[in-house]
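# Per-entry structural report
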Amino acid sequence: MGVVSPIGNDVEQVWDSVQHSRCGIDRITHFDAGDFRAKLAGEVRNLDMEQYFTKRDLKFNDSGLQDTEFNRDRFGVIIGSGIGGISTIEGASQTIESRGPSRISPYFIPMSLINLAAGSAAIDMDAHGNVSSV
């Protein structure tokens, strides 16, 4: 099992936060929220991405599936996210305004798709079942 959330970035941290009634909602720190009415959010903090990602491949540390044989036609991947690629979409909008549409990265669409993580995990695991995002 794995989890990344405002109350912890692994199962043990999240369970400890649940047991001690810790709230993950706090003042926004990832950007200057001074001009926004909303000043609170559930931000993911202290996430060590290198624990989960190399330059190319995802690591499935918690799944235990790396060396496991299973029916790949019946194995699917579902990964949830609040929203995918919003900063990429915002950056592309600014690029269009300032430099024109020809300056948009050819990777714009793949970088803004919410189901890209699930698709990448399915490719890495050679999973042929349902692949989706919620």
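What comes next concerns the included structure.

## Thoughts on helix H2 (residues 86–99)
- Taking 1.5 Å of rise per residue, 14 residues should cover 20 Å, and H2 covers 20 Å from first to last C-alpha, within 8% of that figure.
- Contact partners of the buried residues in H2: helix H3 (108–112).

## Remarks on the packing of aromatic side chains
- Counted according to the given criterion, the structure contains one aromatic pair.
- With a centroid separation of 5.9 Å and 80 degrees between ring planes, the pair formed by Phe-31 and Phe-36 is classed as edge-to-face.
- Looking at Phe-31, the relative accessible area reads 46%, which means it is partly exposed.
- Residue class for Phe-36 comes out partly exposed when judged on its relative accessible area of 47%.

## Some points on a nonpolar patch on the surface
- There is a patch of nonpolar side chains on the surface, built from Ile-109, Leu-113 and Leu-116 and spanning about 250 Å² of accessible area.
- With respect to the element layout, Ile-109 can be found in helix H3.
- For Ile-109, a relative accessible area of 49% gives the class partly exposed.

Procedures and definitions
- Residues numbered from 1 in each chain as written.
- Predicted model: local features only at pLDDT ≥ 70, side-chain atom pairs only at ≥ 80, totals over all residues.
- Heavy atoms only, no water.
- Helix = DSSP H or I, 4+ residues; strand = E, 2+ residues; numbered from the N terminus.
- Expected span 1.5 Å × (residues − 1).
- Contact = heavy atoms within 4.5 Å.
- Phe/Tyr/Trp six-rings, centres within 6.5 Å; stacked < 30°, edge-to-face > 60°.
- Buried < 20%, exposed > 50% of the residue type's maximum accessible area, 1.4 Å probe, protein only.
- Patch = residues over 30% accessible without salt bridge, like charges linked within 9 Å, V, L, I, M, F, W, Y side chains within 5 Å.
- Areas by Shrake-Rupley, 256 points an atom, 1.4 Å probe, with all protein chains shown as cover.
- Salt bridge = Lys/Arg side-chain N within 4 Å of Asp/Glu carboxyl O.

Treat this as a map of the structure, not an account of what it does.
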